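Residues per chain, in single letters:
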Amino acid sequence: MKIRNFPILLALAVMAGIPLAAWAQGFKPAKPIEFVVHTGPGGGADVLARFIANAMEKEKVLPVRMQVNNKTGGGGATAMAYLAEKQGETHTIAAYTGIWFTNPIMRAEAKHTMKDLTPVVRLVLEPAVIVVKNDSPHKSLRDFIEAAKQNPGQMKQSAGSIGARDWVVRQLLMKNTGANWAYISFPGGGERIAALLGGHVNMMVIEPQEAGEHIRAGNMRVIAQISDRRLAAFPDVPTLKEAGFDVPTVPQVRGIVAPPGIPREVVTYWEDVFAKLTQTPTWKKYLEDNLFEDGFMRSAELNKFIDVFSDTTRGILKDGGIKVVR
Amino acid sequence: MSGAILAGLGIYIVTEARGWEYLGPDGPGPGFFPLWYGITIIVLSLVLVGRNVMARASEPAAATNWREVGRALAAWAGLAACVGLLKVLGFLLAFALFSFFLVAVMYRRPLAPSAAIALGMALGFYLVFPVALNVPLPTGRLGF
Amino acid sequence: MDVIGHLYQGFAVALEPANLFWCFVGVFLGTIIGVLPGLGPAATIAMLLPLTFQMNTTSAIIMLAGIYYGSKYGGSTTSILLNVPGESASVVTCFDGYQMAKQGRAGPALGIAAIASFVAGTVGVVALMLVAPPVARLALSFSSPEYFALMCLGLAMVVLLAGASLLKALLAMLVGLWIAGMGTDLFTSTSRFTFGHAELLDGIDFVVVAIGVFALGEVLANMEMRGGARMLPVPKGLRNLLPTWQDLKDCRFAFLNGSVIGFLIGVLPGAGSTIASFISYGVEKAVSKRPEKFGTGVPEGVAAPEGANNSETGGALVPMLTLGIPGSGTTAILLAALILWGLKPGPLMIQDNPSLFWGLVASMYIGNVMLLVLNLPLIPLFAQILRLPAYALYPVIFGISLVGVYSVSGSLFDVWMLAAFGLLGYAMRRLDYPAAPLILGLVLGDAMERALRQSLMMSQGELSILVARPVSATMLFLAVLLLATPLFKKANALRVKAIEQAD
């Protein structure tokens, strides 16, 4: 269902009649902000958005409230289409993730790309770790790769769908080493973990925060980290590069995007608000708790990043035999 | 009749499914499952058609009462019109019109009570959903 | 393990006035959103999440869990009265519940639903308290072949749901499978049957189909005749609004069946309450002394699925609390809430926060009692809606269906789909296709295809994986047996006929 309680469309209609530039001078939000996310309640983007809404209020960075609005569907396509429809609307923003880049590349039905919207900031980079069950014979990623080479197709990874980050990691590692293992898709993170803990698969790529408690309880073991440098939580586990696998690090990116056609002043306003938010202790503690990396980037830089990131993704998808539509 | 339509659906499913990978490098592809249930639909619907033909040969089927079907379809058309108007008029107006149509036209109630019921419906839904429960209703061009 | 001692402490926590108050708020809200079709517990919990940051975490989880299990109580109300499933898990309740209402037994049906919910809800909590860790380990041993076998067993229930023609039931089920397959393929991200609509990339929401086919199909069929829209009889007097002793006696086994099946299926992360209610209905019918009466308004046909979907709540909390693995949309948001409050859900959470866990368990006993006390007096009140004349009742059903569907996704496209499925539901009624198998195929289709493909990926294409494992082999055997029963019956009938002719 929709979570917003102020569909003041009359007010909107009035605003749309006023030339935007006239009142965007020294922009300040005048009413609650609609914060669009593409996952349902409890999903990764949803949890981040709800945390941001709460932190904004707590740290008094934003003078108005933020209302999270779940526009689920189409792997982000519904939320992107919704945002594109809000042309020029200055009180709506959305939280994007990597799927907002890959989805339009892979699917003809997803008609809008990040370039059709107004990217505002990049906020975090989520690293990942490769884990095995605690009683697994594979002590290192090298062990796993060797096992996969000796029994082609016998080793299994529990994962999300094709095109997701764990798929990209697998493609890169398989290309780099020539090994080959099965990629078994599960719809939810819970089922992926259950398959690993039940011993039905051999390995999975997981966010460190998600794995944290299973590692502490001794159910899982980390064999490599997908990060440029070692995370504070796992000082003894090598990164992919240190383990001898020369593959690019694939972080999950998260940030903020606005509807198309909004004035420069408004973009600057949002950049400043989020820059301020990322300096607060609440935000810093959040990154620390979740083992996220600070990936803050303003819109000019972000636009360049989007080009590079989309190109890389397109290349990896093509290599993996996936049809690319854009 | 319905058997023939279902057979058509089955053929459509099978043709679509043949366009997708049946067995991929990692295992069964997206065309695997649809192909099989598509084939089953075709087979079962042909059995149904066959049975009906045989049955009809021995005894004539009961005639459809088109008057009744007409009434149901009219009600459905009203619903479809209401859904179409949601975007323009918003839920409250479109739904009031639809209720009025049901009460006054479908059930031939006098105009005044019909209008009262229609307005009461819209008001009731307004009070329960957006006001009491904070559930947004579709809004139209008019802003409500 | 010192269960009594822990539970004593748990009750000490749950009986604090503040916690009692929040427990009541939770179950009360849960009942309301359960009554309203479309609006579900996951969305409500998300909406209330900001409020909980100011509360202490034990009170907060007590309230949010109250919304979760409370919504299962309310879900039966519109199913029974209007044939509009209030929650996805209440579709099965429509089968016999609405028939009871048509016979003027809406009150007893609602009463049975409330009592079944109470009994099974309580059994679910007892099981959560006593056997959570071993059951969670058992659930982990369930892998894709077992899930596939479970879905097959569920699909074989079609035999029990079929009306006059098994052939038509099978066809309806296959169409359900087709609808379930619409959208993006999980494995390869191929879009299937989307007709170029981005709205269909995630498939069609279950609620849209269920409300369209059941509620709108029924209303349209009733509108065929102006005079035929007779009012449903609502007997006066409190006694006629409550279930009789005979009803309760008929439901004895259903209470037990619903409780056990609901809990076990709830524990599995890959199955849900809708599947639980279908299977427990099927089991109830299979062992019943009067299976031919099912679908015409028998109380045990209400008690079994209502029990199952309540006891499922206790089951679904098992993997969430003992392993930090969410098994459903609602437990996923509960888990997210725990993380946002700064707790660390996972295998060690109960050990680290015993007062939270035991306080929650104790509050669930209290909450179930509150729900029973809250729901029984509401029955006469809700039953009054049937006193409305048809021309006023039908607009209400249309309106509730429209709002319910719109509130799920906030998309007008879904409302159009609702209208389309309403027409389909009507056509199916006209042409004697049963609706239940379509819903069954829709519920199971996705999970079944997934489990099959996962299994074959694990075995590198060897079908033997499905029968090489004892649990899945047993379930597949039962499924085949179930599918074969109509053939046996037919053969037997022919044999009897032949013998008679020979005489």
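None of the values given here were measured: they were computed from a predicted structure.

**Observations regarding the overall build of chain B**
Next, step 1: When you go through chain B residue by residue, the secondary structure sums to 4 helices and 2 strands.
Next, step 2: Going from N to C terminus, chain B has its helices and strands arranged as α-β-β-α-α-α.
Next, step 3: Taken over C-alpha atoms, the radius of gyration comes to 24 Å for chain B, far larger than the 15 Å a tight globule of 144 residues would show.
Next, step 4: Within chain B, the fraction of its 144 residues that count as buried is 35%.

**Thoughts on the sheet that holds strand E9 (residues 220-226) of chain A**
Residue and element names in this part refer to chain A.
Next, step 1: Across the sheet, 3 strands lie side by side as E8-E5-E9; this open sheet has antiparallel pairing. With partners counted over all chains shown, the strands left at the sheet margins are strand E8 (204-206) and E9, one partner each. On average, adjacent strands in this sheet sit at an angle of 35° to one another, irrespective of strand direction.
Next, step 2: Helix H9 (residues 208-216) contacts strand E5 (128-133), E8 and E9 of the sheet and is inclined by roughly 150° relative to E9.

**Describing the nonpolar core**
All names here are of chain C.
Next, step 1: Counting residues in each nonpolar core, the largest one holds 321 residues, and the members touching the most others are Val158 and Leu440.
Next, step 2: With 20 residues, the top contributor of residues to this core is helix H6 (residues 106-140).
Next, step 3: Excluding residues that lie within four positions of it along the chain, Val158 makes contacts with Ala169, Leu170, Met173, Pro437 and Leu440.

**Focus: the interface of chain A and chain C**
Next, step 1: Contacts between the two partners involve 46 residues from chain A, matched on the other side by 51 residues from chain C.
Next, step 2: Those elements that provide at least two residues to the side of chain A that touches chain C are helix H3 (44-58), helix H4 (77-85), strand E7 (182-185), helix H8 (189-197) and H9 of chain A.
Next, step 3: Here the element with the most residues in the side of chain A that touches chain C is H8(A); it accounts for 6 residues.

**With respect to the interface of chain B and chain C**
Next, step 1: If you look at the interface, chain B gives 47 residues, while chain C gives 43 residues.
Next, step 2: Those elements that place two or more of their residues in the side of chain B that touches chain C are helix H1 (2-18), strand E2 (27-28), helix H2 (32-58), helix H3 (66-106) and helix H4 (111-133) of chain B.
Next, step 3: Ranked by residue count, the leading element in the side of chain B that touches chain C is H3(B), at 16 residues.
Next, step 4: Within the side of chain B that touches chain C, the residues separate by chemical class into 33 nonpolar, 7 polar and 7 charged.

**Brief notes about the packing of H4(B) against helix H18 (residues 390-409) of chain C**
How two helices sit against one another is set out by the angle between their axes and by the gap between those axes.
Next, step 1: Relative to each other, H4(B) and H18(C) sit at 35°, their axes nearing to 11 Å. The chirality of how H4(B) crosses H18(C) is right-handed. Contacts between H4(B) and H18(C) involve Ile117(B), Met121(B), Phe125(B) and Phe129(B) from the former and Ala392(C), Pro395(C), Gly399(C) and Val403(C) from the latter.
Next, step 2: Among the residues forming the contact of H4(B) with H18(C), the class breakdown is 7 nonpolar, 1 polar and no charged.

**Some words on the domain arrangement of chain B**
By a widespread convention, an interface's size corresponds to the accessible area lost as its parts come together.
Next, step 1: Per the domain assignment, the segments of chain B are domain 1 (2-58) and domain 2 (66-133).
Next, step 2: Distance between the C-alpha centres of domain 1 of chain B and domain 2 of chain B: 39 Å.

**Here we look at the packing of H6(C) against helix H14 (residues 300-323) of chain C**
All names here are of chain C.
Next, step 1: Interhelical geometry of H6 versus H14 gives an angle of 30° and a closest axis separation of 6 Å. Taken together, the axis directions place H6 and H14 in an arrangement best described as roughly parallel. For the element pair H6 and H14, the recorded crossing hand is right-handed.

**Quick look at the sheet that holds strand E3 (residues 92-97) of chain A**
Residues and elements named next belong to chain A.
Next, step 1: Judged by pairing direction, the sheet is mixed, and its 6 strands sit side by side in the order E2-E1-E3-E10-E4-E11 without closing on themselves. Whereas interior strands pair on both sides, the edge strands pair on one side only; in this sheet they are strand E2 (66-70) and strand E11 (293-297). Sheet twist, expressed as the mean angle between neighbouring strand axes with direction ignored, is 20°.
Next, step 2: As judged from the 3 bridges shared by strand E1 (residues 33-37) and E3, these two strands associate in the parallel manner. Looking at the pairing, Glu34 lines up with Thr92 of E3.
Next, step 3: The sheet strands contacting H3 are E1, E2, E3 and strand E10 (252-258), and the helix crosses E2 at an angle near 170°.
Next, step 4: Packing against the sheet, helix H10 (residues 264-278) makes contact with E3, strand E4 (118-126), E10 and E11, and its axis sits at approximately 20° to E4.

**Considering the confidence of the model for chain B**
Next, step 1: Averaged over all residues, the pLDDT of chain B is 82; the fraction at 70 or higher stands at 92%.
Next, step 2: No element of chain B has a lower mean pLDDT than strand E1 (residues 23-24) of chain B, at 72, and none a higher one than H3(B), at 88.

**A look at the pairing of E3(A)**
All names here are of chain A.
Next, step 1: The buried fraction of E3 amounts to 5 of the 6 residues, a majority that puts the element mostly inside the structure.
Next, step 2: Strand direction decides the pairing type here: E3 and E10, joined by 4 bridges, are antiparallel. Residue Ala95 lies in a different strand from E10, and its bridge partner there is Ile256.

**Observations concerning unusual backbone geometry**
Next, step 1: With a phi angle near 60°, Leu291(A) is a residue other than glycine that sits in the positive phi range.
Next, step 2: For Leu291(A), the position within the fold is in the loop between helix H11 (281-290) and E11.
Next, step 3: For Leu291(A), a count of 22 C-beta atoms within 10 Å puts it in the buried group.
Next, step 4: With a phi close to 65°, Asp432(C) is a non-glycine residue in the positive phi region.
Next, step 5: As for its position among the elements, Asp432(C) is in the loop between helix H19 (412-430) and helix H20 (436-458).
Next, step 6: Residue Asp432(C) is classed as exposed on the basis of its 11 C-beta neighbours within 10 Å.

**Quick look at the environment of Phe357(C)**
Residues and elements named next belong to chain C.
Next, step 1: Following the sequence through the fold, Phe357 ends up in helix H17 (residues 354-383).
Next, step 2: Residue class for Phe357 comes out buried when judged on the 24 C-beta atoms lying within 10 Å of it.
Next, step 3: When the C-alpha positions of Phe357 and His6 are compared, they lie 9.5 Å apart, and in sequence the two are 351 residues distant.
Next, step 4: With sequence-adjacent residues up to four places away left out, Phe357 is seen in contact with Leu321 and Ile350.

**Focus: the pairing of E4(A)**
Residue and element names in this part refer to chain A.
Next, step 1: Judged by how many residues are buried, E4 sits mostly within the fold: 9 of 9 residues are covered.
Next, step 2: Bridge count for E4 against E10 is 7 bridges, and the pairing is antiparallel. Looking at the pairing, Leu125 lines up with Val253 of E10.
Next, step 3: Across 3 bridges, E4 lies against E11 in antiparallel orientation. When the bridges of E11 are listed, Val124 appears paired with Asp294.

**Considerations on the confidence of the model for chain C**
Next, step 1: Residues of chain C with pLDDT of at least 70 account for 97%, and the chain-wide mean is 86.
Next, step 2: As a predicted assembly, this complex carries a pTM of 0.82 together with an ipTM value of 0.88.

**Details of the environment of Phe100(B)**
Residues and elements named next belong to chain B.
Next, step 1: Secondary-structure assignment places Phe100 in helix H3.
Next, step 2: The exposure class of Phe100 is buried, given the 22 C-beta atoms found within 10 Å.
Next, step 3: With residues up to four places along the chain from it excluded, the contact list for Phe100 reads Ser114, Ala115 and Ala118.

Conventions and cut-offs
- Residue numbers here run from 1 along each chain, matching the order of that chain's written sequence.
- Throughout, the order in which chains and ligands are written sets their labels, letters from A for the former and numbers from 1 for the latter.
- Only residues with pLDDT of at least 70 get local features here, since the model is predicted, and only at 80 or more are side-chain atom pairs given and counted; chain-wide, interface and lining totals rely on the full set of residues.
- Every helix listed is a DSSP run of H or I at least four residues long, and every strand listed is a run of E at least two residues long, numbered separately from the N terminus.
- In this setup the radius of gyration rests on C-alpha atoms only. A globule is expected at 2.2 Å times the number of residues raised to 0.38.
- Three exposure classes are used, all based on how many other C-beta atoms lie within 10 Å of a residue's own C-beta (placed from the backbone): buried at 20 or more, exposed at 12 or fewer, and partly exposed between those limits.
- Paired strands are those between which DSSP finds at least two bridges.
- Fitted lines through C-alpha atoms give the axes, limited to the stretch in contact for helices. The angle between two N-to-C directions lies from 0 to 180 degrees.
- What counts as a contact is two residues whose backbone-derived C-beta atoms lie within 7 Å of each other.
- By convention the nonpolar core is taken to be a set of buried residues drawn from Ala, Val, Leu, Ile, Met, Phe, Trp, Tyr and Cys and joined through C-beta atoms within 7 Å.
- Classes in brief: Ala, Val, Leu, Ile, Met, Phe, Trp, Tyr, Cys and Pro nonpolar; Asp, Glu, Lys and Arg charged; the others, Gly included, polar.
- Left-handed describes a crossing in which the near helix is turned anticlockwise from the far one by less than a right angle; the clockwise case is right-handed.
- What marks off one domain from the next here is an automatic or database domain assignment.
- These descriptions rest on fixed angle ranges, namely under 35 degrees for roughly parallel, over 145 for roughly antiparallel, 65 to 115 for roughly perpendicular, and the rest for oblique.
- One confidence number per residue, pLDDT, is output by the predictor and ranges from 0 to 100.

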